[in-house]
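# Structure at a glance
For reference, the chains in residue letters:
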Amino acid sequence: MIQKDSNVSALQRVENELKKCVKCGACRAHCPAFAAWQREPAVARGKVAVAQHILKGDVELDDQTYAIMSKCLLCGSCVEKCPNDVPTDEIVVTAREVLARRRGLTTFHKAVGQVIKNRRLMSFGALAAAILGPLFFRKVPQTSGLRLRFPLPFVGNRRHIPQIARKPFMDRHPEVIQGEPGKPRVVFYVGCMTNFVYTEVGEAALALFRHLGCTVIIPKGQGCCGLPGMSGGDLDTVRGLAEQNLAALEKYEADYVMTACATCGGALHKFYPVLIGKRHPELATRIRAIADKTVDAAQLLQQLGLHPEETGAGERLKITYHDPCHLRTRNITRQPRELLKGSPGVELAEMEGADKCCGLGGTFNVYHYDASLKINEGKSAAIEKTGADAVVTGCPGCMMQLSDGLKQRGNRTRVMHTLEVLARALGK
């Protein structure tokens with residue numbers, strides 16, 4: 001019998017949830033990881049079974065166990081389709097936490113943790129990448145020693161990486177942008193991808209909410225949502241970031257906390273209450289208060305009565321729409337489509353499997369890049385089949401993955417954020 005480690009007690013929080021799984025296998029039909037590997041440990045019920053054995057203490061917390069738990073995108077597809085409502089995503093994160101505490105974080109996730117909890121370090125790294133990235137990382141031969149000295153999946157000529165912005169979005173604007181009296185006050189939780197990469201998404205969000213007369217508040221103290229750390233089981237870093245973000249978002253009286261990133265919205269709305277609130281009850285009330293105010297940008301724009309015919313006029317554009325997992329699981333699928341269809345000149349052509357995961361999955365894309373691309377192949381093919389000029393989505397992370405997948409196939413379909421389409425007329 002393998003000696004049970006005290007750290008395994010973290011799984012006792014989800015022991016009752018583990019018991020809900022009856023191993024029916026309904027998850028197999030919906031799991032992108034299972035589609036990629038076709039192996040039982042890759043599917044939800046396989047991971048639940050392994051988690052049960054970890055809790056019992058009769059399985060080694062070795063490389064094989066770590067590999068099994070890493071093969072999950074936390075997309076929530078299995079949770080949505082499970083007849084017993086087994087929260088596999090919560091179970092997988094908890095199992096990863098156990099592995100991280102027992103084995104230590106991987107070198108990559110140690111580095112991730114150091115970067116995401118230090119905004120200055122992140123800003124410096126982003127600036128260095130913006131200046132040096134095109135010079136060093138665009139064409140690295142397969143035989144180059146750089147591949148050995150810097151064993152990161154971003155070094156090389158296979159992966160298509162978006163250009164880092166020279167100046168982050170948050171550095172371009174004051175903390176408070178005053179709107180019209182009596183109009184809503186909106187706190188903008190920007191997120192790392194919008195701040196450092198897709199700054200045009202932030203500009204579109206700002207233009208749209210200013211068009212509606214809203215006061216937009218961009219708290220300078222906000223940091224990363226912590227989802228990259230959560231992916232590696234680093235819940236201590238996530239807890240620290242949650243406290244930092246709570247303090248920043250609570251600083252101003254506001255009607256809404258708005259996100260233009262599905263992943264960040266999922267963190268504030270779901271993962272903070274489920275993971276951090278349960279572990280740290282002293283934060284639970286504050287976390288719930290922010291979660292209740294958190295809304296996706298498209299959801300809020302429709303709620304506030306945006307008329308897309310006023311803001312989205314532009315050249316004729318045939319688009320197709322990809323549902324980000326962290327919007328789909330919050331039932332935010334209708335609102336962006338209705339807004340997009342109301343934008344002059346826009347023709348929406350639905351793709352097959354619009355609600356299927358694109359294969360990013362945070363750091364899943366780092367550790368399992370080939371599987372990530374395999375999952376993405378079906379998405380890219382579906383986009384191509386529509387003949388769309390652009391694929392539109394509500395998540396900057398998905399934008400990066402969709403762009404990479406299309407470029408791997410030599411496809412030049414544009415990748416745009418929902419807000420960019422809706423704000424086309426405001427940029428003129």
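Everything numeric here is computed off the predicted structure, so don't read it as measured data.

### A few points about the overall build of the protein
For the protein, the helix and strand inventory stands at 23 helices and nine strands. Here the C-alpha radius of gyration of the protein, 21 Å, is about what a compact globule of 428 residues would show, namely 22 Å. C-alpha atoms of the protein, sized along the principal axes, occupy 70 × 50 × 45 Å. In the protein, buried positions account for 55% of the 428 residues. The long-range fraction of contacts in the protein, counting pairs at least 24 apart against all pairs at least 6 apart in sequence, stands at 80%. Here the protein contributes 58 positively and 42 negatively charged side chains, and the mean placements of these two sets differ by 4 Å.

### Observations regarding helix 6 (residues 88-103)
Under the 1.5 Å per step criterion, the end-to-end length of helix 6 is 22 Å for 16 residues, consistent within 8% with the ideal 22 Å. Of the residues one or two after helix 6, G104 is the one with positive phi, at around 90°.

### Comments concerning the pattern of salt bridges
Summed over the entire model, instances satisfying the criterion amount to 24 salt bridges. Residue R172 pairs with E203 through a salt bridge whose shortest N-O separation is 3.6 Å. With a gap of 31 residues between them, R172 in the loop between helix 9 (146-149) and strand 1 (176-177) and E203 in helix 11 (residues 199-211) connect regions that are remote in the sequence. We classify R172 as partly exposed; its relative accessible area is 34%.

### Some points on the domain arrangement of the protein
According to the domain assignment, the protein consists of domain 1 (8-104), domain 2 (169-302) and domain 3 (308-423). Using C-alpha coordinates to define each centre, domain 1 is positioned 28 Å away from domain 3. Taken together, the contact pairs 15 residues of domain 1 with 14 residues of domain 3. The contact between domain 1 and domain 3 buries some 1,100 Å² in all, and 62% of this surface belongs to carbon and sulfur atoms. Here domain 1 is connected to domain 3 by one salt bridge.

### A closer look at the packing of aromatic side chains
What the rule picks out here adds up to three aromatic pairs. Judged by centre distance (5.7 Å) and plane angle (90°), the ring pair of F108 and Y367 falls under edge-to-face. A residue pair is termed long-range when its members are at least 10 positions apart, and F108 in helix 7 (residues 107-116) and Y367 in helix 20 (residues 364-367) qualify at 259 residues. Residue classification places F108 among the buried positions, given a relative accessible area of 19%. By relative accessible area, Y367 is classed as partly exposed at 33%. Taking the centre distance of 5.8 Å and the plane angle of 65° together, the rings of F169 and F188 count as edge-to-face. Here F169, found in the loop between helix 9 and strand 1, pairs with F188, found in strand 2 (residues 185-189); they are 19 residues apart in sequence, far enough to count as distant. Exposure remark for F188: the relative accessible area of 0% places this residue in the buried category. The ring of W37 has K71 sitting right over it, with the charged end atom 4.7 Å from the ring centre.

### So, the sheet that holds strand 6 (residues 317-321)
Spatially, four strands are ordered 7-6-8-9 in an open sheet, and the strand pairing comes out parallel. At either end of the open sheet lies a strand with only one pairing partner, and these are strand 7 (346-348) and strand 9 (414-417). Within the sheet, the average angular offset between the axes of one strand and its neighbour, ignoring direction, is 35°. Two strands pair when backbone bridges link them, and strand 6 and strand 7 are joined in this way by three bridges, in the parallel orientation. What sits directly across from K318, in strand 7, is E347. Against the sheet, helix 22 (residues 396-408) engages strand 8 (390-393) and strand 9, with an angle of about 175° to strand 9.

### Examining the side chain of T320
Here T320 shows up in strand 6. Engagement of the side chain of T320 in a polar contact is seen with the backbone nitrogen of M351, the distance being 3.2 Å. Here T320 is in contact with L348, A349, E350, M351, I383, T386, A388, A390, V391 and V392, once residues within four sequence places are set aside.

### Considerations on the packing of helix 13 (residues 235-250) against helix 14 (residues 262-279)
Two elements in contact, helix 13 and helix 14, have axes whose closest approach is 11 Å; the angle formed by their N-to-C orientations is 115°. As for how helix 13 packs across helix 14, the hand of that crossing is left-handed. From helix 13, L235, V238, R239, L241, A242, N245 and L249 reach across to helix 14, where they touch L268, Y272, L275, I276 and R279. Taken together, the residues of the contact of helix 13 with helix 14 break down into nine nonpolar, one polar and two charged.

Calculation notes
- Residues numbered from 1 in each chain as written.
- Predicted model: local features only at pLDDT ≥ 70, side-chain atom pairs only at ≥ 80, totals over all residues.
- Heavy atoms only, no water.
- Helix = DSSP H or I, 4+ residues; strand = E, 2+ residues; numbered from the N terminus.
- Rg over C-alpha atoms; globule rule 2.2 N^0.38 Å.
- Buried < 20%, exposed > 50% of the residue type's maximum accessible area, 1.4 Å probe, protein only.
- Contact = heavy atoms within 4.5 Å.
- Lys, Arg positive; Asp, Glu negative; His and termini not counted.
- Charge placed at Lys NZ, Arg CZ, Asp CG, Glu CD.
- Expected span 1.5 Å × (residues − 1).
- Salt bridge = Lys/Arg side-chain N within 4 Å of Asp/Glu carboxyl O.
- Domains from an automatic or database assignment.
- Buried area = accessible area lost by both parts, 1.4 Å probe.
- Phe/Tyr/Trp six-rings, centres within 6.5 Å; stacked < 30°, edge-to-face > 60°.
- Lys NZ or Arg CZ within 6 Å of the ring centre and 35° of its normal.
- Pairing = 2+ DSSP bridges.
- Axes fitted to C-alpha atoms, helices over the stretch in contact; angles between N-to-C directions.
- Polar contact = N/O pair within 3.5 Å; in protein donor to acceptor, adjacent residues only side chain to side chain.
- Left-handed = near helix turned anticlockwise from the far one by under 90°.
- Nonpolar A, V, L, I, M, F, W, Y, C, P; charged D, E, K, R; others polar.

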